[in-house]
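Chain by chain, the residues:
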Amino acid sequence: MTSHSSVFEKDVLLDIAVNIIPLVIMLAFAVLFWVVDPWTSSDLLSRVLQYALIVLPFVGLAILTYVAANRIEVAEDVEVGP
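Small disclaimer: the values here were computed from a predicted structure and weren't measured.

Scoring rules and cut-offs
Residues numbered from 1 in each chain as written. Predicted model: local features only at pLDDT ≥ 70, side-chain atom pairs only at ≥ 80, totals over all residues. Heavy atoms only, no water. Helix = DSSP H or I, 4+ residues; strand = E, 2+ residues; numbered from the N terminus. Contact = heavy atoms within 4.5 Å. Areas by Shrake-Rupley, 256 points an atom, 1.4 Å probe, with all protein chains shown as cover. Expected span 1.5 Å × (residues − 1). Buried < 20%, exposed > 50% of the residue type's maximum accessible area, 1.4 Å probe, protein only. Arc of directions from axis to C-beta. Patch = residues over 30% accessible without salt bridge, like charges linked within 9 Å, V, L, I, M, F, W, Y side chains within 5 Å. Salt bridge = Lys/Arg side-chain N within 4 Å of Asp/Glu carboxyl O.

*Asks:* Would you explain the overall build of the protein chain in this entry?
*Replies:* Of regular secondary structure, the protein chain possesses 3 helices and 0 strands. Listing the helices and strands of the protein chain from first to last along the sequence gives α-α-α. Contacts in the protein chain between residues at least 24 apart in sequence constitute 78% of all its contacts with a sequence separation of at least 6. By element, 73% of the accessible surface of the protein chain is carried by carbon and sulfur atoms, the whole surface being about 6,300 Å².

Here it is, written out as structure tokens:
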């Protein structure tokens, strides 16, 4: 077994790109809602809910992506065969 210093190598990044792309999209929407503020007449509760509906799935997907990258890296390190 070989030891790798980084989880995010080129092969692993290609494998988890399906999770990185939605992370970028969610981050873009969070920034867009912060800059443009389409619902200016809304109260504090609706603003908190608006950001919670973007930030909580973002955090969950980021954790899931990190765990998946670790699992993929471990699976690639396992030698198969005699």
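*Asks:* How should I be thinking about helix 2 (residues 17–36) in this particular structure?
*Replies:* Each α-helix turn comprises 3.6 residues. Residues three or four places apart therefore point the same way. Helix length check: helix 2 (20 residues) gives 28 Å between terminal C-alpha atoms against 28 Å at 1.5 Å per residue, within 8%. Listing the buried residues of helix 2 in full gives Asn19, Leu23, Met26, Ala30 and Phe33. Buried residues of helix 2 fall within an arc of 95° about the axis and therefore sit on the same side. Facing away from the buried side of helix 2 by over 90 degrees, the exposed positions are Val18, Ile21, Val24, Val35 and Val36.

*Asks:* Please explain a nonpolar patch on the surface as it appears in this structure.
*Replies:* Residues Ile21, Ile25, Leu27, Phe29, Val31, Leu32, Trp34, Val35 and Val36 make up a contiguous nonpolar surface patch of roughly 920 Å² in combined accessible area. Within the secondary structure, Ile25 is located in helix 2. Classification of Ile25 as partly exposed rests on a relative accessible area of 45%.

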